[in-house]
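# Structure at a glance
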Amino acid sequence: MTPTNSTAPDSPLPTASELASKARDFRLRMAVIDCETDAALDMTRDRHGRTVHADAAAAARAHRDKAAVEAYATHLAPHAEALLDAARLALDELPPARHLTGWRAVLDGLASSAAEIRRALDRPAAPGSPAERAQHAALWPHLTAWADHSPIASNLADQRDGRHHQAPLTDEEQQLWTDRARAAQIRGALELTESWYAADGQPITLAYLVEDDDSTVVALRGDPGVPGWQVIGHFAHEYEAGKALPAPVPPGVLRSDISQFNRPTPAPELSLQDLIRDVVEGHSAGDASNALLGAVQRGYAAGPMVRLQELLETTSQFASALETAQGRQIAARLSALGRQIEFLTREVEEAAEDLGATVAVLPPHRTPVPRTRPRPAVDTTPPAPPPRTSTTARHR
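Residues numbered from 1 in each chain as written. Predicted model: local features only at pLDDT ≥ 70, side-chain atom pairs only at ≥ 80, totals over all residues. Heavy atoms only, no water.

## Some details on the packing of aromatic side chains
Under the convention used in this document: Pairing of aromatic side chains here covers Phe, Tyr and the six-membered ring of Trp, requires ring centres within 6.5 Å, and sorts the geometry by plane angle: under 30 degrees stacked, over 60 edge-to-face, intermediate tilted. The helix count covers DSSP runs of H or I at least four residues long, the strand count covers runs of E at least two residues long, and both are numbered beginning at the N terminus. Only protein chains enter the accessibility calculation, which uses a 1.4 Å probe. A residue is then buried if its area is under 20% of the maximum for its type, exposed if over 50%, and partly exposed in between. Only Lys NZ and Arg CZ are tested; either one counts as a charge over a ring when it is within 6 Å of the ring centre and within 35 degrees of the ring normal.
According to the stated counting rule, one finds two aromatic pairs in the structure shown. With a centroid separation of 6.2 Å and 70° between ring planes, the pair formed by Tyr72 and Trp146 is classed as edge-to-face. Of this pair, Tyr72 sits in helix α2 (residues 54-75) while Trp146 sits in helix α5 (residues 130-161), and the two are 74 residues apart along the sequence. Under the relative-accessibility criterion, Tyr72 is labelled buried at 3%. Aromatic ring contacts, followed pair by pair, group Phe26, Tyr72 and Trp146 into a single cluster. One Lys or Arg, Arg64, reaches over the ring of Trp140 and ends 3.9 Å from the middle of that ring. Here the guanidinium or amino end of Arg182 rests over the ring plane of Trp229, the centre of that ring lying 5.4 Å away.

Have a look at this one:
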């Protein structure tokens, strides 16, 4: 499994874009491994998410760890150091921006993980042994670090080999197009379509500027929701704009400690369908009360209403983290909705407790309906079918 440490002497050194492609291949393979592992782990859980087959779950994770090591050895091991070198060179050439310190820390972390993986690949444990499983499990955090964060290194390498944007408009043209775009925004004829951040940390937004039943693609620099943004280019279509404008850099994350490949084990939870079924199949007020209390239960196995409030609060944080005028407005709306859900949750909890305190059962006259009809006696003649009548269809 030990990969070649460098390319063959006579082979040309890979370009920065080729190095970035190797990292993308590794990420794609890791995504496949992640999906396969999720499917395998789902088979080890009951319908509420509790693990009921611990040995099978451990085997699935061991298979995942081994496959990830093999993927790194195939796609990245010979190229990781060269990719990081190219990314660092590109980083040094970028203009000052808020995100550069974080990117440099990411590259340092990737270098540390690459060194750990290299040491393990150079000294592999005996195949199939418990030591090998332990070695692979110890490498999993380093492998997922590359799967999660290598897009930053790849993007830096691509940026260095890529284009350098030149402003296509003179100062006079820029002011003219900015005035036209602002007038269109006021009358509702500026349709925003796509947004990204450039390497200098400035947001760029594509929009359709509609005038007299004709539309032009324009690029805006700055937050379109507050005064001060400017048009930096106009284009016949989005493809032309993509070639001329600064390339997008990887977007940020809401929480820095979140990993796509290291999600926490899901907490057991009851679905709304299960709770509704419990009410339908119940006989006493306590049965219905318990279903309602399950919906508003808090803590580790939180109910659906509590999860909904958590979703609103988290989405409010996301909208605020966009750092745009519209994002802040939507964050305030979502936060207010979260408070309303909290109030409603308390109301449901009180109603559930009152329902349980009634100490009542459904009256017996609410009898069930048999799902099957009784079979006729053996010596009885089945009823004759109704006569067939042939009627002529009438046409109007």
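From this point on, the discussion continues.
## Focus: the environment of Thr358
Condition: Here a polar contact is taken to be a pair of N or O atoms separated by no more than 3.5 Å, where protein atoms must pair a possible hydrogen donor with a possible acceptor and residues adjacent in sequence count only if both atoms sit in side chains.
Topologically, Thr358 is positioned in the segment after α11 (325-357). Note on Thr358: relative accessible area 46%, which makes it partly exposed. Placed 72 residues apart in sequence, Thr358 and Gly286 show a C-alpha to C-alpha distance of 8.3 Å. A distance of 2.6 Å separates the side chain of Thr358 from the backbone oxygen of Leu355, its partner in a polar contact.

## Here we look at the side chain of Thr37
The test is simple: Contacts were defined at the residue level, with two residues in contact if any of their heavy atoms lie within 4.5 Å.
Examined against the element boundaries, Thr37 turns out to sit in helix α1 (residues 16-42). You can call Thr37 buried: its relative accessible area is 8%. With residues near it in sequence (within four places) discarded, Thr37 still touches Ala60 and Arg64.

## Observations regarding the layout of surface pockets
Inclusion rule: A pocket here means an open set of points on a 1 Å grid, computed over the protein atoms alone, that has protein on both sides within 12 Å along at least five of seven lines. A cavity is instead a set of points where a 1.4 Å probe fits but cannot get out; residues with an atom within 4 Å of a point line either one. Grid points are joined across faces, edges and corners, and a volume is the space filled by probe spheres set on the points. Ten residue types, Ala, Val, Leu, Ile, Met, Phe, Trp, Tyr, Cys and Pro, are classed as nonpolar, four, Asp, Glu, Lys and Arg, as charged, and the remainder, Gly among them, as polar.
Considered as a void within the structure, the largest pocket measures approximately 1600 Å³ in volume. Within the residue set of the lining of the largest pocket, elements represented by two or more residues are α4 (100-122), α5, β1 (190-197), β2 (203-211), α10 (304-321) and α11. Grouping the constituent residues of the lining of the largest pocket by class yields 21 nonpolar, 15 polar and seven charged. For the second largest pocket, the calculated volume is near 750 Å³.

## Some thoughts on the side chain of Thr178
Counting through the fold element by element, Thr178 comes out in helix α6 (residues 171-186). Classification of Thr178 by relative accessible area gives buried; the value is 1%. In terms of polar contacts, Thr178 uses its side chain to reach the backbone amide nitrogen of Val231, at 3.0 Å.

## Here we look at α11
Spelled out, the test is: Given the number of residues in a helix, its expected span is that number minus one, multiplied by 1.5 Å.
Spanning 33 residues, α11 covers 49 Å between terminal C-alpha atoms, matching the ideal 48 Å at 1.5 Å per step. On the buried face of α11, the contacting elements are α9 (285-295) and α10. Two residues or fewer past α11, Val359 is found with a positive phi of approximately 50°.

## Overview of the pairing of β1
Just so we agree on the cut-off: Strand pairing requires that DSSP identify at least two bridges connecting the strands.
Relative to β2, β1 runs antiparallel, the two sharing seven bridges. Considered in β2, the bridge of Trp196 is made with Ile204. Once β1 ends, the chain turns through five residues before running back antiparallel as β2, passing Gly201 with a positive phi of about 90°.

## What about the sheet that holds β2?
Going by this rule: In this analysis an axis means a line fitted to C-alpha atoms, helices contributing only their contacting stretch, and an angle means the value between N-to-C directions, from 0 to 180 degrees.
Spatial ordering of the open sheet is given by β1-β2-β3-β4, a layout of four strands whose pairing is antiparallel. Unpaired on one side and paired on the other, β1 and β4 (230-235) mark the two borders of the sheet. If you compare each strand with its neighbour and ignore which way they point, the axes differ by 25° on average. Contacts between α6 and the sheet are confined to β1, β2, β3 (214-221) and β4, with β4 contributing the most and set at about 95° to the helix.

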